[in-house]
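Descriptive analysis of the structure
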Amino acid sequence: MNRVKAIPKWTWLIFLVVVFLIFPFFVKKEFYLHVMIMTFLFALLAASWNILGGFTGYVSFGHAVFFGLGAYSVAVLGKNFAVNPWLGSITGALVAIGLASIIAFPSFQTGLRAHYFAIATWAVGEVIRVIFMNWMYVGGATGIMIPLTEPSLLNYQYHTNKVPYYYIIFSFLVLEIVLIYFITKSRFGYYLRAIKGNEEAAENIGINTTLFKHLAYYLSATFVAIGGAFYAQYELYFDPPMVFHVGISMKMILPAILGGIGTICGPIIGAAIMIPLDQFLRAYLGGIGSGINFIIYGLLVLIVVVFKPKGIYEFIGNLFKKGKGEQ
């Protein structure tokens, strides 16, 4: 048992990556593939939110707006202008950065503190949702459907096979985690953690806190928009409540808190617990499942906050330390 605990963390990570890579070869049922795709997607979103909320301490309740902008960018450009969805995804990321800058400049330049910033992001998200609900050019409350094209990677569309979507979103998640890892080991990452620890002290030692908060916000918004574009291509139909609802933002925040806010793997661990739970409750309990899941989420987060304030990742890390110590 001690030998198992003493296995290096990188060995476990490589093992998990291999397991996920071969998963579709052994699990053919569409529902289980869908659960994994949603888990990867929200792990990507939670890790994206964590760049801002976890590393800098600036909590955003409005990150769903970037998810929605990514989805609508790829859908509107594809439907009305026949723009390739990959270019639409890039455009969605740029649009998200543009909106993030509109929010960031008055917020960060004026020294708006974290709790006021959280309220501001929620308010902007609600305004954008109402605008899209009434904007007929993008479908209004009816929503928008992406035109069907020939299934291929170039067209970012597969009609009867979920496996390509599985590998696409898994690749996005791996790339993001690798990038975040290098960020945490860089000066940029140290600056972000300094801002979270004590922003005034960080300014006093010469860190341009405004600049690095901007960069963190833009990077966070970019990955969320890419996730929104993926969701649009995966579902092929959506409406404003599906992509702009504050519940989407909560599904980014809660996994990060549950798994370990401000850590690299915490959001992934949280998503791996919450999203399958959500999907199975909805599948087996129907409409009432969408209410029960939030009750369970709340209880899980409450337990973690009380007993493991740094998240489940802290608990797992302690197991590794104990395993090494016993050797």
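Summarised in this report is the structure supplied together with it.

Reading the values: rules and limits
- Residues numbered from 1 in each chain as written.
- Predicted model: local features only at pLDDT ≥ 70, side-chain atom pairs only at ≥ 80, totals over all residues.
- Heavy atoms only, no water.
- Buried < 20%, exposed > 50% of the residue type's maximum accessible area, 1.4 Å probe, protein only.
- Helix = DSSP H or I, 4+ residues; strand = E, 2+ residues; numbered from the N terminus.
- Arc of directions from axis to C-beta.
- Contact = heavy atoms within 4.5 Å.
- Core = buried A, V, L, I, M, F, W, Y, C linked by side-chain atoms within 4.5 Å.
- Polar contact = N/O pair within 3.5 Å; in protein donor to acceptor, adjacent residues only side chain to side chain.
- 1 Å grid on protein atoms, 1.4 Å probe; cavity = no way out; pocket = protein on both sides within 12 Å on 5 of 7 lines; lining within 4 Å.
- Points joined across faces, edges and corners; volume = space filled by probe spheres on them.
- Nonpolar A, V, L, I, M, F, W, Y, C, P; charged D, E, K, R; others polar.
- Patch = residues over 30% accessible without salt bridge, like charges linked within 9 Å, V, L, I, M, F, W, Y side chains within 5 Å.
- Areas by Shrake-Rupley, 256 points an atom, 1.4 Å probe, with all protein chains shown as cover.
- Salt bridge = Lys/Arg side-chain N within 4 Å of Asp/Glu carboxyl O.
- Expected span 1.5 Å × (residues − 1).
- Phe/Tyr/Trp six-rings, centres within 6.5 Å; stacked < 30°, edge-to-face > 60°.
- Lys NZ or Arg CZ within 6 Å of the ring centre and 35° of its normal.

1. Side note on helix H8 (residues 187-197)
Inspection of H8 places Phe188, Gly189, Leu192 and Ile195 among the buried residues, and these make up the whole buried set. Along the long axis of H8, the arc covered by the buried residues comes to 120°, so they all point the same way. For H8, the exposed residues set more than 90 degrees away from the buried face come down to Arg187 and Gly197.

2. Some words on the environment of Phe132
On the secondary structure map, Phe132 appears in helix H6 (residues 114-134). For the pair formed by Phe132 and Asp239, sequence separation is 107 residues and the distance between their alpha carbons is 8.8 Å. Discounting chain neighbours no more than four positions away, the residues touching Phe132 are Leu69, Tyr72, Val138, Gly140, Ala141, Pro240 and Phe244.

3. Comments concerning the nonpolar core
Judged by nonpolar contacts, the single largest core of 80 residues is most densely connected at Phe66, Tyr72, Tyr217, Phe230 and Phe238. Once residues within four sequence positions are removed from consideration, Tyr72 is found in contact with Leu77, Phe132, Val138, Gly140, Ile144, Phe238, Asp239, Pro240, Val243 and Phe244. Counting 6 residues, the second-largest nonpolar core is a separate cluster that includes Leu258, Tyr297, Val301 and Val304.

4. Re the environment of Tyr158
With respect to the helices and strands, Tyr158 occurs in the loop between strand S1 (144-145) and helix H7 (163-184). Residue classification places Tyr158 among the buried positions, given a relative accessible area of 19%. Once residues within four sequence positions are removed from consideration, Tyr158 is found in contact with Pro151, Ser152, Leu153, Pro164, Tyr165 and Ile168. In this structure the side chain of Tyr158 is engaged in a polar contact, spanning 2.8 Å, whose partner is the backbone nitrogen of Leu153.

5. Digging into the layout of surface pockets
Estimates place the volume of the second largest pocket at around 360 Å³. Looking at the lining of the second largest pocket, the elements with two or more residues in it are helix H3 (30-53), helix H10 (209-235), helix H11 (240-244), helix H12 (246-259) and helix H13 (266-285). Of the residues in the lining of the second largest pocket, the class split is 8 nonpolar, 4 polar and 4 charged.

6. A look at empty space enclosed by the protein
One pass over the structure, following the stated rule, counts 1 cavity of 30 Å³ or more. Volume-wise, the largest cavity comes out at about 50 Å³. Lining the largest cavity are Phe61, Gly62, Ala64, Val65, Trp122, Gly125, Glu126, Phe244, His245, Val246 and Ser249. Here the lining of the largest cavity takes 3 residues from H6, the largest share from any one element. Split by residue class, the lining of the largest cavity holds 6 nonpolar, 4 polar and 1 charged.

7. Some words on a nonpolar patch on the surface
Together, Ile14, Val17, Val18, Leu21, Ile22, Phe25 and Phe26 make up a nonpolar patch on the protein surface, roughly 680 Å² of accessible area in all. In this fold, Ile22 is placed in helix H2 (residues 9-26).

8. Some words on helix H5 (residues 85-109)
Along its 25 residues, H5 runs 35 Å from first to last C-alpha, staying within 8% of the 36 Å computed at 1.5 Å per residue. For H5, the capping residue at the N-terminal end is Asn84, with a side-chain oxygen 2.8 Å from the backbone nitrogen of Trp86.

9. Some words on the packing of aromatic side chains
With the rule as written, the count across this model stands at 32 aromatic pairs. Here the aromatic rings of Tyr58 and Phe108 are separated by 5.5 Å at their centres, their planes lie at 85°, and the arrangement is edge-to-face. In this pair, Tyr58 is assigned in the loop between H3 and helix H4 (64-81) and Phe108 in helix H5, connecting sequence segments 50 residues apart. Grouping residues by exposure puts Tyr58 and Phe108 together as buried. For the ring pair Phe108 and Phe117, a centre distance of 5.2 Å and an interplane angle of 25° mean the geometry is stacked. Each member of the pair Phe108 and Phe117 is classed as buried. Of the aromatic side chains, those joined through ring pairs into one cluster are Trp86, Tyr156, Tyr158, Tyr165, Phe172, Phe230 and Tyr234. Sitting over the face of the ring of Phe42, Lys251 holds its NZ or CZ atom 5.4 Å from the ring centroid.

10. So, the pattern of salt bridges
For the structure on display, the rule yields 4 salt bridges. As a salt-bridge pair, Lys213 and Glu199 come within 2.7 Å of each other at their nearest N and O atoms. Taken together, the residues Lys213 in helix H10 and Glu199 in helix H9 (residues 199-204) connect sequence positions 14 residues apart. Of the two residues, Lys213 and Glu199, both sit in the buried class. Of the charged contacts in the structure, one is a salt bridge between Arg282 and Asp278, with a shortest N-O distance of 3.1 Å. In this pair, Arg282 and Asp278 both sit in helix H13, 4 residues apart, roughly one turn of the helix.

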